[in-house]
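Architecture and fold: a report
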Amino acid sequence: MADSVTRFETAFADWLGAGRAFAFWKGRVAMYALLKALGVGEGDEVLLPGYTCVVAVNPTKFLGATPVYVDIEPATCNIDPAGIEAKISPRTKTIVAQHTYGYPAEMDAILAIAERHGLPVIEDACLAIGSAYKGRRCGTFGRAAFWSFQWNKTFTTGIGGLVTTSDSDLSERIARLQAEEACRPGLKENLMLSLQRGVRKAVLFPKTFMLLQSMFRWMVDHGLAVGSSGTHEYRQTEDPDFFKRMGPSQGRAGVREMRRLEANLAHRRRMADLYASLLDDAGWPRPRIPEHLDPVLVRYPVRVADKAGALALAARRRVELGDWFDQPLHQALAALEQYDYQKGTCPNAEQAARDVVNLPMHRRVRERHARQAVDLVCEIGPAR
Ligand SMILES: *Cc1c(COP(=O)(O)O)cnc(C)c1O
């Protein structure tokens, strides 16, 4: 019988309808493998939305290429196709279409621009498991897509990531990188992750979320837990340990999660409907999401008048509320200029970072938690 990682890869590729899947230690590592397989290197440029995780910027930097940021559309926080063309240069190598929070990016417009310029599109589908654009699954539009199974995503393998693609040339190159260049996680890391998954299951509830999140971030910074991102992750050069495959305990968790994926997605859809109706009842100004987008959200974003105040109140009241994205490059520890982001260049992204908090939708969130979260943001009030 195939090993657990291979079984997870196969299950995911089959579910998506992609040719192949390749598992790595994290989503960002999968992205790195993909960019490398596309030949991204010194002097190249990668187009990204100016509203992303800093860890989705690092792979570009590690390869010696330059990230170039495009502003977002306020309603979905996705890359604004109207801003792409002005950022394309002879050095552009690829466009990253990120499906933010689970809202599908405008794939038709993005692909049309990319085609005009002969560029491949890759999808950052880390937040879009199950989302669809015009009836077709996110992750099947670009040359390839990458996915994340980090603690806070649609489902978790502890940490973990995948590349999927139906392009056979690209598949071969990624297979070679995975087999020949990526190292394997150690026994200890594997064990730590299993342990952490167990502890998390035992203690993480909407009521404990805010406290545990700050404890966990502290532990990771002090080397006491395997986090998705310790402080070391934000260095500007590649760690020798960075390019790593997925380990067997992650593979097993992935196989288990694939079996309950449909229930997971159905729960998320119910929660999104519930949030929409609670917010509508409260007279909250919800953005209009175009009909052809069929998102399965990871977290439910809302724009509040006082983000810091909302998060502080949530911590005091023990109500789960998320802070992504805390700045245009979420969780960047260094100045954004170090990631080639110039302040003021993506005003919509900067505004979203100031306004957006997100409401939880994971398995343990019940109607009463949703009501508490909505009551809390209503007390703070919507962003003007
Ligand atoms: C989580 C996330 C990543 C990175 O995933 P990791 O598994 O944490 O490396 C990349 N892009 C987006 C949009 C994400 O949400």
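Up top is the structure.
I will try to describe carefully the structure that is included in this document. Here the structure is a predicted model, which means the values were calculated and not measured. (Residues numbered from 1 in each chain as written. Predicted model: local features only at pLDDT ≥ 70, side-chain atom pairs only at ≥ 80, totals over all residues. Heavy atoms only, no water.)

Here we come to the site of the ligand. Taken together, 13 residues surround the ligand, and among them Gly27, Arg28, Asp124, Ser148 and Lys153 come closest. In this structure, a nitrogen atom belonging to the ligand sits 2.7 Å away from a side-chain N or O atom of Asp124. (Near = heavy atom within 4 Å. Polar contact = N/O pair within 3.5 Å; in protein donor to acceptor, adjacent residues only side chain to side chain.)

A few words now on the packing of helix H10 (residues 307–317) against helix H12 (residues 367–380). Between H10 and H12, the shortest axis-to-axis distance is 10 Å and the interhelical angle comes to 140°. Classified by the angle their axes make, H10 and H12 are oblique. Of the two possible hands of crossing, H10 and H12 adopt the one that is right-handed. In contact with Gly309, Ala310, Leu313, Ala314 and Arg317 of H10, H12 contributes Leu376, Glu379 and Ile380. (Axes fitted to C-alpha atoms, helices over the stretch in contact; angles between N-to-C directions. Helix = DSSP H or I, 4+ residues; strand = E, 2+ residues; numbered from the N terminus. Parallel < 35°, antiparallel > 145°, perpendicular 65-115°, else oblique. Left-handed = near helix turned anticlockwise from the far one by under 90°. Contact = heavy atoms within 4.5 Å.)

Moving on, we get to a positive patch on the surface. Residues Lys201, Arg252, Arg256 and Arg259 make up a contiguous surface patch of positive charge. The greatest single-element share of the positive patch, amounting to three residues, is contributed by helix H8 (residues 248–259). Locating Arg252 in the fold gives a position in helix H8. (Patch = residues over 30% accessible without salt bridge, like charges linked within 9 Å, V, L, I, M, F, W, Y side chains within 5 Å. Areas by Shrake-Rupley, 256 points an atom, 1.4 Å probe, with all protein chains shown as cover. Salt bridge = Lys/Arg side-chain N within 4 Å of Asp/Glu carboxyl O. Lys, Arg positive; Asp, Glu negative; His and termini not counted. Charge placed at Lys NZ, Arg CZ, Asp CG, Glu CD.)

Between side chains of opposite charge, a pair can form when the charged atoms approach closely. According to the stated counting rule, one finds 17 salt bridges in the structure shown. Measuring nitrogen to oxygen at the nearest pair gives 3.9 Å for the salt bridge that ties Asp167 to Arg143. In this pair, Asp167 is assigned in the loop between strand S10 (161–165) and helix H5 (168–181) and Arg143 in the loop between strand S8 (136–137) and strand S9 (144–148), connecting sequence segments 24 residues apart. For Asp167, a relative accessible area of 22% gives the class partly exposed. Here the salt bridges share partners, and the residues they tie into one network are Glu189, Asp241 and Lys244. (Buried < 20%, exposed > 50% of the residue type's maximum accessible area, 1.4 Å probe, protein only.)

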